[in-house]
Every structure is written in structure tokens, then in C-alpha cells.
Amino acid sequence: MATKQFRLPDVGEGLTEAEILGWSVAVGDVVKVNQILVEIETAKAAVELPSPFAGTVGALLVEAGQTVDVGTPIIEIEVAGAEPDAKPAAKPAPAAGAAPAAKPAAEAPKREPVLVGYGVAQSATTRRARKNAPAAASPAPAAVASAASAPPAPVAAAPSVAPSAPAPAAQAPTVAPTHVLAKPLVRKLAKDLGVDLSTITPAREDGVITREEVERAAAAPAASPVAAPAVAALAEDRRVPIKGVRKATAAAMVASAFTAPHVTEFLTLDVSRTVKLVERLRAQPEYRDVKVSPLLITAKALISATRKFPEINASWDEAAQEIVLRGSVNLGIAAATPRGLVVPNIKGAERLTLRQLADALAQLTATAREGKTPLADLTGGTITITNVGVFGVDTGTPILNPGEAAILAFGAIKQQPWVHKGKVKPRWVTTLALSFDHRLVDGELGSRFLREVGRALEDPAAVLL
Amino acid sequence: MTPVVLANDEGDRMTGRRAVEKSTTPNPASGSTKRAPQGRGTRRTTGLKDEPEFIQLLTPTGERIDHPDYPLELSPEEARSLYRDMVLVRRVDAEGTALQRQGELGLWASLLGQEAAQIGSGRAMRPDDFAFPTYREHGVAWCKGVPPVNLLGMFRGVNNGGWDPNENNFNLYTIVIGSQALHAVGYAMGVQRDGGDSAVIAYFGDGASSQGDVLESFVFGASYNAPVVFFCQNNQWAISEPTSRQFRVPLYQRAAGFGFPGVRVDGNDVLACLAVTRAALEHARSGQGPMLIEAFTYRMGAHTTSDDPTRYRSSDEVESWRAKDPIVRLKAYLDREALADETFYKTVDDEADELAAQIRSGCLALPDPDPLSMFEHSYAAPHAQVAEERAFLADYLAGFAEEEH
């Protein structure tokens with residue numbers, strides 16, 4: 001009597017795991033060869049596994065519902081008159097890295113039950129080290145070390161893949177991807193002659209380096225050093241250290257552009273009524289000592305629209321895997337200052353009246369231009385307007401202020417021919433562009449929101465006042 | 001009308017072949033291009049809506065019927081041997097599937113349901129006829145005398161074939177879909193130039209019929225009047241793609257466009273497959289050129305062990321074909337005609353069990369190849385780059401050997 005283990009096979013060419021759907025046998029059952037033992041489900045199909053042994057079921061090593069790796073022993077069968085597996089004692093221990101048990105001598109002496117087509121997936125632990133491994137080739141000893149010392153990965157099912165150490169991007173050898181064009185034979189020739197193809201300037205129009213050029217380069221006297229042709233002295237490049245606002249802006253833009261999938265939508269509309277409203281407000285005594293601009297109405301329109309679509313005033317919290325719906329509207333205004341771009345925000349902007357909002361805007365921009373914006377005003381923004389119209393451009397595709405779900409670009413307001421009440425008339429027209437984080441804002445929400453802002457600017461009296 | 005005589009040995013088979021007269025040979029579609037030759041008196045329907053008739057000599061209930069173009073005389077012994085072949089091959093196939101499920105094979109392509117098409121056509125061949133299989137022709141391999149365990153090597157990943165194609169006139173399994181049809185035509189053209197009277201069969205499936213290689217082989221076979229039979233096992237599914245998507249006209253009717261006859265035969269009727277293939281081989285070897293046989297059958301199992309057919313076809317469809325099972329059908333005939341008794345069936349079943357056990361132990365005993373052997377047959381002659389790569393791998397492997405001390 002000997003105990004045989006049946007290991008989960010790869011039933012579908014390259015699968016690594018399967019879920020146990022249900023056992024057809026129980027401990028103590030007598031089974032024949034090819035009798036169905038268990039049903040499993042892989043990424044490809046649900047299949048039944050027949051028994052490779054005849055005998056008595058000794059133990060079921062995995063339960064229904066469990067997902068196990070290929071190569072994991074799933075059942076033990078007591079087989080009469082056969083030699084035991086190599087490691088009979090190590091019973092239900094989920095022998096993750098255990099050496100593969102030897103096969104019964106009767107069947108095939110010394111055959112390891114390594115499944116066809118791949119080695120049993122025992123990950124790196126059982127892989128033998130190469131003796132003559134060139135030292136230089138070992139890719140990242142530091143990464144391995146840091147992985148080893150790193151705290152255990154929170155996800156249980158991550159046996160072999162070490163939590164990827166942060167890629168030392170800064171230290172990575174900068175292999176500039178020089179895209180030289182040359183046929184394989186020419187590349188071979190260049191390699192043989194020791195010619196660096198990237199040093200050759202191809203004469204051909206399509207940029208392909210020819211055999212003759214390689215041969216010429218090889219024949220050329222050892223690359224005439226510092227023989228830069230003295231063309232009329234050009235003005236020298238100026239190098240400015242990256243620091244301060246520029247550095248912060250760059251980091252924020254990179255972080256935003258490459259984490260939040262941006263979508264930008266445009267809306268061109270007639271804002272003549274907004275222009276008229278601005279004129280009317282300016283004439284009112286109440287607004288005499290404060291700046292009133294179309295930006296003010298746009299800000300109000302945006303705030304009003306967030307009330308209708310509060311989901312736009314939100315934030316993606318990757319770490320917590322949550323979407324944060326912001327309680328208040330902290331309206332950021334992108335401001336160009338002598339020190340660079342800053343985006344101070346007006347906290348609780350949804351509570352402000354139009355007049356209060358006008359004050360807040362004026363103060364915010366003034367403080368920013370003086371470079372005195374307190375840190376508190378620079379953090380905690382929830383949604384932003386960038387007023388590119390002041391520079392005379394029509395619109396742009398703004399990049400989100402990191403952590404926010406939407407940003408509105410407000411373009412220049414120009415008089416343009418526009419169909420108004422069935423006739424082409426000169427009207428005040430502008431283009432709004434809304435970028436939003438597509439992880440949490442769908443096209444429908446973004447579109448409806450932008451439309452709502454536009455509606456307010458088309459008819460501000462009806463919507464805002 | 002001279003019947004085709006199913007012979008017991010090769011000599012008789014030769015005689016039987018000589019006895020075939022024009023009347024038993026299907027007429028090329030030259031005169032009436034509308035239709036390939038078909039049964040006149042005994043047209044049977046395939047049971048499927050809008051499908052044309054096919055040639056049938058044995059109904060699903062085991063009733064023997066005649067066909068004017070494809071007569072068949074069958075001795076009781078021959079009928080029993082066809083039954084035996086189908087049962088044994090089905091068991092070989094089941095063992096292959098089980099071995100895959102136990103991790104002993106990387107893959108297995110099941111022939112379940114196609115036994116009649118394979119045994120019928122395989123038994124129609126003479127030993128000197130050459131077969132070019134796909135990767136599912138375990139039944140044809142059996143007829144050509146390839147030991148079943150030899151079929152397993154490639155599926156176990158320990159060799160690239162497992163038999164000498166010239167020993168049994170059975171080419172190696174071809175994984176590339178349809179390319180063997182070109183090989184077959186090329187071989188047939190060789191036979192033609194050698195002046196032999198052997199014939200060649202190219203096996204392929206309905207899926208391969210959409211492959212350029214197969215259609216090119218039709219063109220070449222027809223152009224050179226090569227002694228080749230195109231034997232398509234239309235098992236209704238090209239993995240998950242139904243034939244309805246591949247065929248605007250029934251497959252066998254395509255032959256007319258290439259200029260040779262095409263017939264549809266009940267692929268679950270071993271007698272019809274035998275008679276029709278035999279006639280087609282005669283057609284080929286008598287210098288009349290190619291012929292296309294569409295064996296209308298069904299793949300009862302998955303495309304391969306990596307496939308899950310329940311995802312794309314209904315169980316109703318499978319059940320309707322189960323009622324046409326080729327083995328059940330022949331057994332019904334044997335019972336009806338009292339050609340076999342329980343002792344016979346028991347003997348065959350025991351033989352199948354024994355064969356399965358042999359295959360199992362033979363599979364487990366297949367030697368793992370020396371890693372360096374992979375270079376041996378890359379080129380017929382020594383090749384500098386292969387030698388270099390071989391040396392590299394040898395050095396690499398030696399690195400482990402030293403480590404273990």
C-alpha cells in the first residue's frame with residue numbers, strides 16, 4: 001500500500017491555475033483508473049479530471065471553491081502494491097515549493113511528474129542558479145534585496161512575483177532609443193566593422209543608412225575629433241535649473257496627465273447675453289468697486305452646474321480605492337503669476353453670492369500676482385477654471401489639477417457671425433473646453449455638465465439670477 | 001454492374017480493384033456541371049434543414065440499403081472487423097483524453113464521433129496508398145498500422161512526430177491547418193511521374209476548406225490530374241465557427257468549380273465511407289484525377305482538450321447527432337443481421353481495455369528527449385548556425401550539471 005498524489009494538471013495549454021468546482025469522490029471511496037474524481041474550472045473551460053490511479057481515496061487536499069496553482073497536489077489515493085511517493089509524510093501541507101514527488105516505479109522509474117509543455121510552476125524558488133552566470137547580467141540585485149526586505153504583500157495570492165520595487169527610473173542607464181534605419185545586413189556589417197550607426201547621417205531621403213555609408217564611415221580616419229564646423233557663432237543655449245513652481249508644476253502635470261485618463265469636450269456658444277449681463281452689473285452701484293468680468297459669470301455657471309451634477313465635483317482616491325464626492329465646491333482659478341502658474345482656490349464657493357464671488361475672485365488673483373497666496377489656498381481644490389481667453393486664444397485641452405475630476409478652459413469671447421433668431425448676426429461667441437477624469441466621469445456626465453455650464457452662459461439671467 | 005469487392009487480403013484487394021469497371025466509378029461532373037454524382041435511387045436526407053442528400057448505405061437504425069453508384073458487398077467477418085476497429089479507436093481516443101486530463105499529455109484532439117469517416121476511408125486504402133492526415137486522424141493511423149502509442153509522443157511533447165511516414169505510408173500529423181493538402185498533391189504528382197498506381201488521400205476538416213492551401217491544392221490536383229482524393233471530414237465546427245458561416249454552397253459542390261467530382265457521404269456510416277472512398281481511390285489511380293469526398297459527420301467532443309464546446313453549441317444539437325452514432329449504428333446492423341453475439345462484443349471490449357492499458361503504460365514510458373536532440377533534424381545536412389546554437393545550449397546545460405555536485 002502506498003500513497004499517491006495527483007497534482008493539478010494544466011488541462012489547457014499554458015494555464016496556471018484552476019478552481020475546484022466539486023469533488024465526485026470522498027475519502028474512503030474506491031476509485032478505478034479514469035474514474036472521474038473532480039470537476040475543475042479553468043480560464044478556458046470546466047472539465048472533469050479522471051483518476052490516474054486505482055485505489056482508495058486517502059485524502060482530498062483542496063476544498064471545493066478553492067483556486068489552486070497547477071502542480072498543487074489535490075488528492076491522495078492509497079494504491080495497493082505500489083511504491084510510495086517520495087514524500088509520503090508531508091501530507092496535507094500545501095507543498096508550495098516541495099520537490100516533485102517521484103512516480104511509481106512500476107509505471108516509469110525516475111520519471112518526474114512534470115507536466116508536458118512546461119516545468120511544474122514552482123516559481124523562482126526551485127530554479128537552480130546558473131554557475132557561470134555573468135555578474136553583469138544579474139539585472140537588479142538592489143531590486144531583489146528591497147523586495148526581500150519589503151513587508152509581505154497584502155494580497156495573499158502573490159507567491160512568486162515580488163512586489164515590484166520602485167523602478168529606479170532616475171538611475172536607469174539612459175539608453176536613448178536612437179531609431180536608426182538600416183537593413184539587417186547593413187546592421188551586421190556595421191557591427192562587424194565597429195561602426196556606430198547612430199553616428200551616420202543618411203544621405204537617402206527616407207533616412208535609411210546604406211552599405212556604402214557604413215563602409216565610408218569605417219574607412220574614415222578615426223572620427224575627426226572636435227571638428228565641429230565653425231558655422232557663424234550661434235547664441236548659446238541657456239540652462240535654467242528646474243526648481244520651485246516650475247518643478248512643482250511639472251510634477252503635478254506629469255502626475256495628472258499619466259494617471260488620470262483625460263477626455264476633453266468642446267462647446268462653442270453664443271454668450272452675448274453674458275456680455276450684456278456683465279455690462280449691466282458693471283453699471284450697478286453694488287458692483288462699482290469690484291471687477292466684473294465674463295469669468296465671474298462663468299465661475300458662477302460652473303458652480304451652479306456642480307449643484308445639478310455633484311458627481312463632477314469629485315476625486316479618485318487610488319490608495320483607498322474610493323471615489324470621493326466632495327462636500328463643497330473649492331473653485332480653483334489658474335493664475336499666471338511672475339513666479340509661474342498657480343491654482344489657488346476659493347473654499348466653499350457654492351455658498352457665495354455673485355457679489356461675494358466677485359470679491360473672492362478679485363482677492364484671489366491679486367494675492368496670487370503678488371506671490372502671497374497662502375498654502376491653504378493652493379490645496380484642497382475640487383474643480384478648476386483656466387481662463388485661457390485672456391491670452392486671446394479660442395480654447396485648449398487643459399490638464400487636470402491633480403486630484404480633481406474636471407477642469408474648464410474658458411476661451412476668448414469674440415464677435416462672430418452666428419445664426420440668431422433665423423438670421424446671421426454678429427454675436428459674442430466663445431468656446432468652452434472641459435477636460436475630465438474618465439476613470440470616474442463618463443462621457444454622458446461630462447457632456448451634460450458642460451452643456452449645463454453652456455446653458456447658463458447663453459441665458460445667465462434665467463439660470464443664475 | 002460490377003460490385004466493389006471488400007477483400008480479405010492484399011491480393012484479393014488488388015483483384016477487387018481490377019474488377020472495378022467504369023460503371024462503379026463516379027462520373028466527373030463534366031457533362032452535367034450542376035451536380036456532382038449522387039445516388040439516384042436511394043437519396044437520403046441528412047436530417048438537417050436545407051441540406052442536400054448524401055450517400056448512405058446504413059441508416060441510423062442499422063438498416064442496410066443499396067446505392068447504385070456505390071455498391072458494397074460485405075462479409076460478416078468484414079462487418080465485425082469494422083466494428084472492432086471503431087471500438088478500439090474510440091477507446092484509444094478516450095485514453096488520450098484521459099491522459100491529457102491527468103497531465104500526461106499537453107493536448108489531445110479527440111476523434112469522438114468521427115470513427116466511421118476515419119475507419120471507412122482508412123480501410124479503403126491499399127498499403128501502398130499514402131495518407132496525409134491532420135492531427136485528428138487516429139482512426140486512419142490505426143488502419144495504416146501506426147501503433148497508437150506512437151501518436152502520443154507529439155502530444156506529450158517528447159518528439160515531433162513519433163513514426164516514420166514511409167513505414168506505414170502515413171505522414172506525420174500536421175498542425176498547420178490545411179498545409180497537408182498541398183503535400184498530398186505534391187506526393188500524388190510524384191506518384192504520377194514515377195508511373196505508379198498508388199493513390200493519395202489528403203485529410204482535412206471543414207475549417208481547413210476555408211484555407212488557401214486547400215483551395216490551391218484543389219487547383220493543382222485538378223491541373224495535373226493528380227491521383228489524389230480530398231477527404232474532408234465536415235464535423236460541422238471549425239473550433240467555434242459553424243459551417244454555416246463558411247459555406248455558401250455545400251462543400252462538396254465546390255469541387256465542380258475546380259473541375260473534379262465531389263460527393264457528400266454520410267460520415268457516420270462506415271460502410272458508405274468505405275465504398276465511396278474506395279471508388280474515389282479507384283477514380284484517382286485509374287488516371288481520372290482528384291475527387292472530393294465530404295464526409296458529413298460531427299465532432300462529439302471538444303475541438304481539443306483546450307476547448308469548451310458548450311460555449312458555442314447547444315446540447316440539443318449534440319444529442320441529435322448522438323442518435324446517429326457510427327458504432328451504435330453498425331452494432332444495430334450486426335444485431336439485426338445476427339452477425340455477432342455477446343461473446344464477440346465482450347471480446348472487443350476486453351481487447352479495448354487491454355489496448356487502453358497498453359497505451360497508458362506506453363505513454364508514461366515514453367523517454368524524455370535529450371535537449372540537444374532538438375537540433376538533430378532542423379536541417380538534413382550540417383548547418384553552421386545550428387551547430388553554434390547547439391554548442392551554446394550544451395554549454396548552458398553543463399552549467400547546471402556542475403552546480404549539482
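Model, not experiment: these values are computed from the prediction.

Reading guide: rules and limits
- Residues numbered from 1 in each chain as written.
- Chains lettered and ligands numbered in written order.
- Predicted model: local features only at pLDDT ≥ 70, side-chain atom pairs only at ≥ 80, totals over all residues.
- Heavy atoms only, no water.
- Phe/Tyr/Trp six-rings, centres within 6.5 Å; stacked < 30°, edge-to-face > 60°.
- Helix = DSSP H or I, 4+ residues; strand = E, 2+ residues; numbered from the N terminus.
- Buried < 20%, exposed > 50% of the residue type's maximum accessible area, 1.4 Å probe, protein only.
- Lys NZ or Arg CZ within 6 Å of the ring centre and 35° of its normal.
- Pairing = 2+ DSSP bridges.
- Axes fitted to C-alpha atoms, helices over the stretch in contact; angles between N-to-C directions.
- Core = buried A, V, L, I, M, F, W, Y, C linked by side-chain atoms within 4.5 Å.
- Contact = heavy atoms within 4.5 Å.

Draft legend 1. Here's a closer look at the packing of aromatic side chains. All names here are of chain B. The full count for this structure, using the stated rule, is 24 aromatic pairs over all chains. An angle of 65° between the planes, with centres 6.1 Å apart, marks the rings of F54 and F296 as edge-to-face. Taken together, the residues span a long stretch of sequence, with F54 in the loop between α1 (10-19) and β2 (72-73) and F296 in strand β9 (residues 291-296) at a distance of 242 residues. Each of the two residues, F54 as well as F296, counts as buried. These aromatic residues form a ring-pair network of at least three members: W108, F155, W163, F170 and Y173. The residue whose ring lies beneath K331 is Y345, and the NZ or CZ to ring-centre distance is 4.3 Å.

Draft legend 2. Inspection of the sheet that holds strand β2 (residues 17-23) of chain A at higher detail. All names here are of chain A. An order of β5-β4-β2-β7 is seen for the four strands of this open sheet, with the pairing classed as antiparallel. The sheet is open, and its two borders are formed by β5 (46-50) and β7 (67-69), each paired with just one other strand. For this sheet, the mean angle separating the axes of adjacent strands, direction not counted, is 40°. For β2 and β7, the ladder comprises three bridges, and the chain directions are antiparallel. Each residue of the ladder has a partner; that of A18, found in β7, is V68.

Draft legend 3. Region of interest: the nonpolar core. Core analysis: the biggest nonpolar cluster contains 72 residues, and B:Y83 and B:L334 have the highest contact counts within it. No other element matches the 11 residues that helix α11 (residues 270-288) of chain B contributes to this core. Each residue touching B:L334, except ones within four places of it in the same chain, is listed here: B:A79, B:R80, B:Y83, B:L339, B:A340, B:F344 and B:Y345. Counting 49 residues, the second largest nonpolar core, distinct from the first, contains A:L267, A:V292, A:L432 and A:L457.

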